[in-house]
Amino acid sequence: MLNRLFVDNLTVLDFSYFHPRRGVVGESWIVDVELLGELNDEGMVFDFGHVKKLLKAALDGGMDHTLVVPEHLPGLSVEHIQLNEEIRITYTDKDVIKFVYQGPRDSVFLIDSDKVSIDSARPLLENHLNSLVPNNVRQVKLNLRIEEISGAFYHYSHGLKKHLGDCQRICHGHRSKVIILKDGQRDHSVEAELAQLFQDIYLITDEDAVTPSVHPHLTHVGYDAEQGRFDVWLNPEQCYTMNTDTTVELIATHLCNRIKAEYPDHEWTIRAFEGVGKGAIALSD
């Protein structure tokens with residue numbers, strides 16, 4: 001008889017993925033895990049502590065904070081640059097280059113599919129986790145899901161070059177809700193307005209914009225970080241420039257200042273989320 005062990009909300013995968021129409025899309029998937037197996041000498045399928053250490057670490061060190069790319073998307077080319085362990089992604093449509101990415105190999109997660117979805121990503125993640133568990137564990141199953149959000153939300157991507165962890169990767173992102181209070185009362189209309197502004201957006205720190213660009217019809221963003229050199233060329237219509245870094249604290253402050261400038265006769269509180277269950281609060285002066 002096989003026993004089942006489950007851990008809900010094991011982790012959240014925050015990443016960006018490339019879509020031929022939407023561009024670079026920030027996403028957040030909540031991960032639940034189920035292990036099927038026989039009891040070991042301790043009367044367990046697998047120790048909960050080991051699940052969190054081993055499987056969570058494997059997920060966080062794999063797809064999390066990467067650019068996820070469907071390598072079989074028509075028009076997409078993937079070049080592995082062995083000399084400096086980099087990868088270059090180019091997407092061309094009707095003989096026009098629409099997107100280019102170049103950075104350290106570990107900053108890209110390739111999906112064996114023509115599109116990125118929960119169904120296309122799950123087998124790759126499950127296969128990796130199944131290779132890590134002891135023999136009494138027969139199968140590791142994942143449930144990947146998005147947060148249920150009743151109000152406004154947006155998908156944003158960015159890179160934080162000063163960060164010493166994986167947030168420095170130039171294309172990672174989040175699916176995030178926003179809660180806005182006007183004079184202490186929630187304002188759903190302004191939430192929807194900001195969510196529309198940031199619907200599928202890449203947030204640029206203005207000092208990271210590179211000019212001139214080798215692809216003049218695209219917006220070039222690039223910087224050197226602790227993990228290496230990162231560059232991305234994007235559709236300018238899918239970019240939004242800030243005069244600060246793009247941490248969630250500064251995003252919240254930026255949005256609060258924008259709303260206050262538009263509606264100066266009210267007091268505003270912004271709860272800007274960075275993925276699921278975390279974020280920053282900004283209050284108007």
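For the structure, check the block above.
Residues numbered from 1 in each chain as written. Predicted model: local features only at pLDDT ≥ 70, side-chain atom pairs only at ≥ 80, totals over all residues. Heavy atoms only, no water.

Draft legend 1. Just the nonpolar core, in detail. Residues Val33, Leu35, Leu55 and Met63 are the most contacted members of the largest nonpolar core, which totals 28 residues. For this core, the secondary structure elements donating two or more residues are strand E1 (3–19), strand E2 (23–37), helix H1 (48–60), strand E7 (108–111), helix H2 (118–130) and strand E8 (137–145). Ranked by residues supplied to this core, first place goes to E1 with 6 residues. Residue contacts for Val33: discarding those within four places in its chain leaves Leu5, Phe6, Val7, Leu10, Val51, Leu55, Val140, Lys141 and Leu142. (Core = buried A, V, L, I, M, F, W, Y, C linked by side-chain atoms within 4.5 Å. Buried < 20%, exposed > 50% of the residue type's maximum accessible area, 1.4 Å probe, protein only. Helix = DSSP H or I, 4+ residues; strand = E, 2+ residues; numbered from the N terminus. Contact = heavy atoms within 4.5 Å.)

Draft legend 2. Here's a closer look at the packing of helix H3 (residues 188–197) against helix H4 (residues 248–262). With their axes 12 Å apart at the nearest point, H3 and H4 run at an angle of 120° to one another. On the basis of the axis angle, H3 is oblique to H4. As for the relative orientation of H3 and H4, their crossing is right-handed in sense. Of H4, the residues touching H3 (which contributes Val190, Glu193, Leu194 and Leu197) are Leu255, Arg258, Ile259 and Glu262. (Axes fitted to C-alpha atoms, helices over the stretch in contact; angles between N-to-C directions. Parallel < 35°, antiparallel > 145°, perpendicular 65-115°, else oblique. Left-handed = near helix turned anticlockwise from the far one by under 90°.)

Draft legend 3. Quick look at H2. With 13 residues, H2 extends 18 Å from end C-alpha to end C-alpha; this agrees with the ideal 18 Å at 1.5 Å per step. When we look at burial in H2, the residues that qualify are Ser120, Ala121, Leu125, Glu126 and Leu129. (Expected span 1.5 Å × (residues − 1).)

Draft legend 4. Local environment of the sheet that holds strand E3 (residues 67–70). Pairing in this open sheet of 5 strands is mixed, and the strands run E7-E3-E1-E2-E8 from one edge to the other. Strand pairing shows two members of the sheet lacking a second neighbour, E7 and E8, which therefore form its edges. Neighbouring strand axes in the sheet, compared pairwise and without regard to direction, differ in orientation by 40° on average. Pairing between E2 and E8: 8 bridges, direction antiparallel. Paired with Gly37 across the strands is Val137, a residue of E8. Each of E1, E2, E7 and E8 is contacted by H2, which is oriented at about 150° to E8, the strand it contacts most. (Pairing = 2+ DSSP bridges.)

Draft legend 5. Layout of the environment of Ile149. Here Ile149 shows up in the loop between E8 and strand E9 (153–158). Relative accessible area serves as the criterion here: at 17%, Ile149 is assigned to the buried category. Along the sequence, Ile149 and Ser176 sit 27 residues apart, while their C-alpha atoms lie 9.0 Å from each other. Here Ile149 is in contact with Arg175 and Lys177, once residues within four sequence places are set aside.

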